[in-house]
Amino acid sequence: MNYKKIKFISIFFLFSFNFFNLYPSTPGPISSCQTLDTPGVYTLTDNVTAGICFTITSNDVYLNCDDYTITPTSVGVYMTSSYNNLSVANCNIKGNQAFSVYGFYLVPVSGTSNYNLIENISFSNVIFQGLQIEKTDDSTFRNINLYNTTSRGIYLSQSDYNNFSNLYLRNISTYGATIRFSGNNKFDNFTIIGDSTSTGIIYTISSNNNIFNNITFYNLSIGIDLFDGAFSNYLNNSYIDESVIIPINFNAYFTGFLNNTFSNSYLGNFSAITSYNWTDTPSLFYDNTFLSGTVPSNECFDNLNLTCNIPYPVISLAIPTQNSAFPIQGLFSIMLSLFLIGLFLR
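Residues numbered from 1 in each chain as written. Predicted model: local features only at pLDDT ≥ 70, side-chain atom pairs only at ≥ 80, totals over all residues. Heavy atoms only, no water.

**Focus on the overall build of the chain**
Next up, step 1: Broken down by element type, the chain carries two helices and 26 strands.
Next up, step 2: Across the 346 residues in the chain, those meeting the buried criterion constitute 51%.
Next up, step 3: Counting only contacts in the chain whose residues sit at least 6 apart along the sequence, the fraction spanning at least 24 positions is 55%.
Next up, step 4: Within the structure as shown, the chain displays about 15,200 Å² of accessible surface, and the carbon and sulfur contribution to it stands at 55%. (Helix = DSSP H or I, 4+ residues; strand = E, 2+ residues; numbered from the N terminus. Buried < 20%, exposed > 50% of the residue type's maximum accessible area, 1.4 Å probe, protein only. Contact = heavy atoms within 4.5 Å. Areas by Shrake-Rupley, 256 points an atom, 1.4 Å probe, with all protein chains shown as cover.)

This is the structure we're talking about:
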C-alpha cells in the first residue's frame, strides 16, 4: 500500500473539489456534496459522491444525512477551523479501499472546536483514520460503527473532556483507537474486533485521566498498549477475550507512567501481561478475573510488599482495602528493605 500516494491524492482532492465554492450554502434539503458555510440545518436527500464531500466552515451547522450514503474519494466530512456547535448525524460513509483516506477529519489548524455532536454514523472501507479528532473539547460522539480500516479506527489528539459511547469497531487491521496528548475523555460501551495482528487501544505520551467503561476486546495482538507518559487512566467493567495474545502491554522506555487502574474486569491471560520496565510502570489492579490457570498463587499486588506471602484465588483477585500495584518484586524486596534498615541502625 503506497500511503504517500494516497496522501497526495487526498491533498489534491482537498484543493480541487472545494476551490470553486463561490456561493454561500443554503440550509435546507441538499442533494450534493458542498461546503457548508452558513449556520442552519442541512438534510441530505440522496446518496452523494465527491473527493471531499462536506467541508464545514461555520459555527452552528447541523448536517442530517437521513441515512443516505456518502462515498468520498478523500474525506467524508472535513473541518479544519475552530468552529463550534457542529452536529452531524445519520450518515453512512463508505469508501472503496482504494481512495478514501478519512471518514471524518475534524482538525482545527488553530484554536479548538467545542460542543459538537457526532452520532449515528457508519464508516466502512476507510484507509487511515475512520474518525480523526484533534483539538476538539467538550464534544459527544455516540452510536458509531466502523468496519474495515487499514490504519486507525479512531485517532484522538490534543482533545479533552469528550464523551464517546456505543462504539463498534470491526475488522480493524492496525489500531482500534489511538489517544495522545488527550485527557479526561470518557469511553462507554466500546467493542473492538481486530484481525489478530492489530492493537485495541494505544495510550501515548500525556494521555491522562481517560476513563474506559464496558470495553470489549477480541482477536487482537495487543489489547491495551500503554506508552511513556500515560498516567492515571482507568479501565472498568471490561472484557479482554482469550483471543487477545497480549492483554496489556506496559510499553515504557523513557519516562514511564503511574497509577493506571484496571478494575472489575476480565483481563484474559494473566501470564501474558507484559512490561518493558516494571520499575517505571506501577499500575493498580482491583477485583479482576483472569484466564484459569494463568495466575500464580504467590504473586504480590500491594504497594508496600506486605502481603506477598498471602496467596489469592487463582481465578479472581480479592484486593484488600489499601491500594494495589502490579507487579511488586515480592520477598526479595522485603529482604532488601530489612537489610537497608539494618545498615541504617548500625
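**A few points about the state of the cysteines**
Next up, step 1: Summed over all chains, the structure comprises two disulfides.
Next up, step 2: Covalent S-S linkage joins Cys 33 and Cys 53, the inter-sulfur distance amounting to 2.0 Å. Because the sign of the S-S torsion sets the handedness, a value of about -80° for the bond joining Cys 33 and Cys 53 places this disulfide among the left-handed ones. Note that Cys 33 is positioned in the loop between β1 (28–30) and β2 (34–36) and Cys 53 in strand β4 (residues 48–56), a separation of 20 residues in sequence. (Disulfide = S-S within 2.5 Å.)

**A word on the environment of Pro 29**
Next up, step 1: Following the sequence through the fold, Pro 29 ends up in strand β1.
Next up, step 2: On the basis of relative accessibility, which here comes to 71%, the residue Pro 29 falls in the exposed class.
Next up, step 3: Expressed as a C-alpha distance, the spacing of Pro 29 and Asn 64, which sit 35 residues apart in the sequence, is 9.5 Å.
Next up, step 4: For Pro 29, the residues in contact, after removing those within four places along its chain, are Thr 43 and Thr 45.

**Here we look at the packing of aromatic side chains**
Next up, step 1: All told, the structure shown has 13 aromatic pairs when counted by the stated rule.
Next up, step 2: Clustering of aromatic rings is evident, with ring pairs tying together Phe 141, Phe 164, Phe 187, Phe 190, Tyr 203 and Phe 212. (Phe/Tyr/Trp six-rings, centres within 6.5 Å; stacked < 30°, edge-to-face > 60°.)

By themselves these figures say nothing about function.
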